[in-house]
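Architecture at a glance
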Amino acid sequence: MRIPPTRVLWRWLQRSTAALVALTCIWLLACYSLFINPPVFGPDYVAGVNADAVVVLGGDSSERLPLAEELVAAGHAPILAISRTDTPGNVDADRLCKRPAHASRVCFEPSPLTTRGEARAVARLAADRDWDTVLVVTSDYHALRAFTNLRQCSDTELVMVPSTPDHGLLGWLPRFVEETAALAATHLRPVCANRI
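Summarised in this report is the structure supplied together with it.

Criteria and cut-off values
- Residues numbered from 1 in each chain as written.
- Predicted model: local features only at pLDDT ≥ 70, side-chain atom pairs only at ≥ 80, totals over all residues.
- Heavy atoms only, no water.
- Helix = DSSP H or I, 4+ residues; strand = E, 2+ residues; numbered from the N terminus.
- Rg over C-alpha atoms; globule rule 2.2 N^0.38 Å.
- Buried < 20%, exposed > 50% of the residue type's maximum accessible area, 1.4 Å probe, protein only.
- Axes fitted to C-alpha atoms, helices over the stretch in contact; angles between N-to-C directions.
- Parallel < 35°, antiparallel > 145°, perpendicular 65-115°, else oblique.
- Contact = heavy atoms within 4.5 Å.
- Nonpolar A, V, L, I, M, F, W, Y, C, P; charged D, E, K, R; others polar.
- Expected span 1.5 Å × (residues − 1).
- Disulfide = S-S within 2.5 Å.

Scanning the protein chain from N- to C-terminus turns up seven helices and five strands. Put simply, the protein chain runs from its N terminus to its C terminus through helices and strands in the order α-α-β-α-β-α-β-α-β-α-β-α. A compact globule built from 196 residues should have a C-alpha radius of gyration of about 16 Å, whereas the protein chain, at 21 Å, is more than 25% larger. Projected onto its principal axes, the C-alpha positions of the protein chain cover 85 × 35 × 35 Å. In the protein chain, which comprises 196 residues, the proportion classed as buried is 43%.

As a further point, take the environment of Met160. Relative to the assigned elements, Met160 resides in strand 5 (residues 157-163). Residue classification places Met160 among the buried positions, given a relative accessible area of 2%. With 20 residues separating them in the primary sequence, Met160 and Asp140 have C-alpha atoms 9.2 Å apart.

Two elements in contact, helix 1 (residues 5-36) and helix 7 (residues 169-188), have axes whose closest approach is 10 Å; the angle formed by their N-to-C orientations is 80 degrees. One element, helix 1, and the other, helix 7, form an angle in the roughly perpendicular class. On helix 7, the residues touching Trp27, Leu28, Cys31, Tyr32, Phe35 and Ile36 of helix 1 are Trp172, Leu173, Phe176, Val177, Glu179, Thr180 and Leu183. Split into classes, the residues belonging to the contact of helix 1 with helix 7 amount to 11 nonpolar, one polar and one charged.

What follows covers helix 5 (residues 115-129). With 15 residues, helix 5 should cover 21 Å at 1.5 Å per step; its first-to-last C-alpha distance of 21 Å lies within 8% of that length. Regarding helix 5, the residues found buried are Thr115, Arg116, Gly117, Glu118, Ala119, Ala121, Val122, Ala123, Leu125 and Ala126. Turning to helix 5, the residues buried within the fold contact strand 1 (53-56), strand 2 (80-83), strand 3 (105-108), helix 6 (140-153) and helix 7. Once helix 5 finishes, Asp130 follows within two positions and takes phi at roughly 55 degrees, a positive value.

Taken as a whole, this structure holds two disulfides when the rule is applied. Each sulfur of the disulfide joining Cys97 and Cys107 lies 2.1 Å from the other. Sign of the S-S torsion, about -95 degrees for the bond between Cys97 and Cys107, identifies this disulfide as left-handed. Of this pair, Cys97 sits in helix 4 (residues 91-97) while Cys107 sits in strand 3, and the two are 10 residues apart along the sequence. Cys97 gets classed as buried once you look at its relative accessible area, which sits at 12%. Judged by relative accessible area, which is 32%, Cys107 ranks as partly exposed. In this model Cys153 forms its disulfide with Cys192; the gap between the sulfur atoms is 1.9 Å. Taking the sign of the S-S torsion, about 85 degrees here, the bridge from Cys153 to Cys192 comes out right-handed. Taken together, the positions of Cys153 in helix 6 and Cys192 in the segment after helix 7 put the pair 39 residues apart, joining distant regions of the chain. When sorted by exposure, Cys153 lands in the same class as Cys192, which is buried. Here the cysteine-cysteine linkages of the protein chain are recorded as 1-2, 3-4, numbering only bonded cysteines and doing so in sequence order.

Okay, structure coming up:
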């Protein structure tokens, strides 16, 4: 007995939908693990760390910069290195970079204005200034990608200190998509062929 084509199509649609739902659930769980609860160090770990500098990556500076300044004020490092991007999300950091120069503050302009450009710029700073250990402040969803990029460019010991943004449930979905694609690109096309 032959199964009608509509029934075959219906079964295929059911199986495809079930597979798509399962893959979406697995992806969302992976995103939670990698981007909301990243496998990097947090502020509690930093308590015993003395570094050469605290680096704050560009973007969301109203969230990232205060944490970086707290780390310097607490004596974890004598220097605050700031990514200057002149972009809307980095207003607070860019404003600080426009102040008169200070021995405890270094501003750098990544080229290009991406995490990849920041990784190369931080690696050059660390090499030029003989930094052995750097605390890196960025948003939790960005921490794993930033760590991966930085690790590809430098042998400097990196301690990631994630800040926590206030995203609503719908605000996370675009971040998940962006970070998934960017993290995959980081592994497929390394930032630095050789460490700086």
